[in-house]
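Tertiary structure, described
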Amino acid sequence: MAATAKTRTVTAHIPVELAERVDEIAERLERSKNWIVKQALSAWLDQEEERSRLTREALADVDAGRVIDHQAVQAWADSLSTDTPLPVPRRWS
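No experiment lies behind these values; they were computed from the predicted model shown.

A word on the overall build of the protein chain. For the protein chain, the helix and strand inventory stands at 3 helices and 0 strands. Ordering the α and β elements of the protein chain from the N terminus gives α-α-α. Taken over the C-alpha trace, the protein chain has a radius of gyration of 23 Å; the compact-globule value for 93 residues is 12 Å, which it surpasses by more than 25%. Taking the principal axes of its C-alpha atoms as reference, the protein chain extends roughly 60 × 35 × 30 Å. Charged side chains in the protein chain number 13 positive and 16 negative. The centres of these two groups are separated by 9 Å.

Attention now moves to the layout of surface pockets. Space inside the largest pocket adds up to approximately 710 Å³. Forming the boundary of the largest pocket are 18 residues, of which Val10, Lys33, Asn34, Val37 and Lys38 lie nearest the centre. The dominant element in the lining of the largest pocket, judged by the number of residues it contributes, is helix H2 (residues 33-63), at 7 residues.

Packing of helix H1 (residues 16-29) against H2 brings their axes to within 9 Å, and their N-to-C directions diverge by 110°. If you check the angle between H1 and H2, you find them roughly perpendicular. Only Lys33, Trp35, Ile36 and Val37 of H2 make contact with H1, whose side of the interface consists of Val22, Asp23, Ile25, Ala26 and Leu29. Here the contact of H1 with H2 is composed, by residue class, of 7 nonpolar, no polar and 2 charged.

Applying the stated criterion across every chain, the model contains 0 aromatic pairs. Residue placement shows Arg31 over the ring face of Trp35; its charged tip is 4.1 Å from the ring centre.

Counted by the stated rule, this structure contains 5 salt bridges. Note that Glu50 is salt-bridged to Arg53, the shortest N-O span being 2.7 Å. Of this pair, Glu50 and Arg53 both sit in helix H2, 3 residues apart, which is roughly one turn of the helix. Owing to a relative accessible area of 34%, Glu50 belongs among the partly exposed residues under this scheme. For Asp61, the salt bridge is made with Arg66, and the minimal N-O distance between the two is 2.8 Å.

About the thresholds
- The residue numbers shown here count from 1 along each chain, following its written sequence.
- It should be noted that, the model being predicted, local features are given only for residues of pLDDT at least 70 and side-chain atom pairs only at 80 or more, the latter also being counted only at that level, while totals for whole chains, interfaces and linings use all residues.
- The side-chain quantities take in all heavy atoms of the structure and omit both hydrogens and water.
- The helix and strand labels rest on DSSP assignments: H or I over at least four residues marks a helix, E over at least two residues marks a strand, and numbering proceeds from the N terminus.
- We compute the radius of gyration over the C-alpha atoms and compare it with the globule rule, which gives 2.2 Å times the number of residues raised to the power 0.38.
- In this tally Asp and Glu are treated as negative and Lys and Arg as positive; neither His nor the chain ends contributes.
- Charged side chains are reduced to one point each, which is NZ for Lys, CZ for Arg, CG for Asp and CD for Glu.
- A cavity here means a set of 1 Å grid points, computed over protein atoms only, where a 1.4 Å probe fits but cannot escape. A pocket is an open set with protein on both sides within 12 Å along at least 5 of 7 lines, and lining residues have an atom within 4 Å of a point.
- Grid points are joined across faces, edges and corners, and a volume is the space filled by probe spheres set on the points.
- Every axis corresponds to a line fitted to the C-alpha atoms, with the helix fit spanning only the stretch in contact, and the corresponding angles, defined between N-to-C directions, vary from 0 to 180 degrees.
- Throughout, the term roughly parallel applies to angles under 35 degrees, roughly antiparallel to angles over 145, roughly perpendicular to angles from 65 to 115, and oblique to all others.
- It only takes one pair of heavy atoms within 4.5 Å for two residues to be counted as in contact.
- Residue classes follow a fixed rule: Ala, Val, Leu, Ile, Met, Phe, Trp, Tyr, Cys and Pro count as nonpolar, while Asp, Glu, Lys and Arg count as charged, and any other residue, Gly among them, counts as polar.
- Working definition: a ring pair exists when centres of Phe, Tyr or Trp rings (six-membered ring for Trp) sit within 6.5 Å. Plane angles under 30 degrees give stacked, over 60 give edge-to-face, the rest tilted.
- Counting as a charge over the ring demands two things of the Lys NZ or Arg CZ atom: a distance within 6 Å of the ring centre and an angle within 35 degrees of the ring normal.
- Salt bridges are counted wherever a side-chain nitrogen of Lys or Arg sits within 4 Å of a carboxyl oxygen of Asp or Glu.
- Burial classes follow relative accessibility: with a 1.4 Å probe on protein chains only, a residue under 20% of its type's maximum area counts as buried, one over 50% as exposed, and anything between as partly exposed.

And the structure:
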């Protein structure tokens, strides 16, 4: 017998247009609205956790002085519209 995961109901008020989009995709995929919402919420949480991890990593780089000089980035960006773009600036020297 397969073990069932514990669940909890979460109620949220969402705009009608968003609810209708969920209805449409559930019908198109022949899945329940519950399944669609769980998939979307899980993907969003994963994305937010990754964004947070990357932010903490970037802030640690800044704190350690591992940064790219602003003038180097600006010169590179300005060169992109020229016939001879500069190479991508490298992280800290």
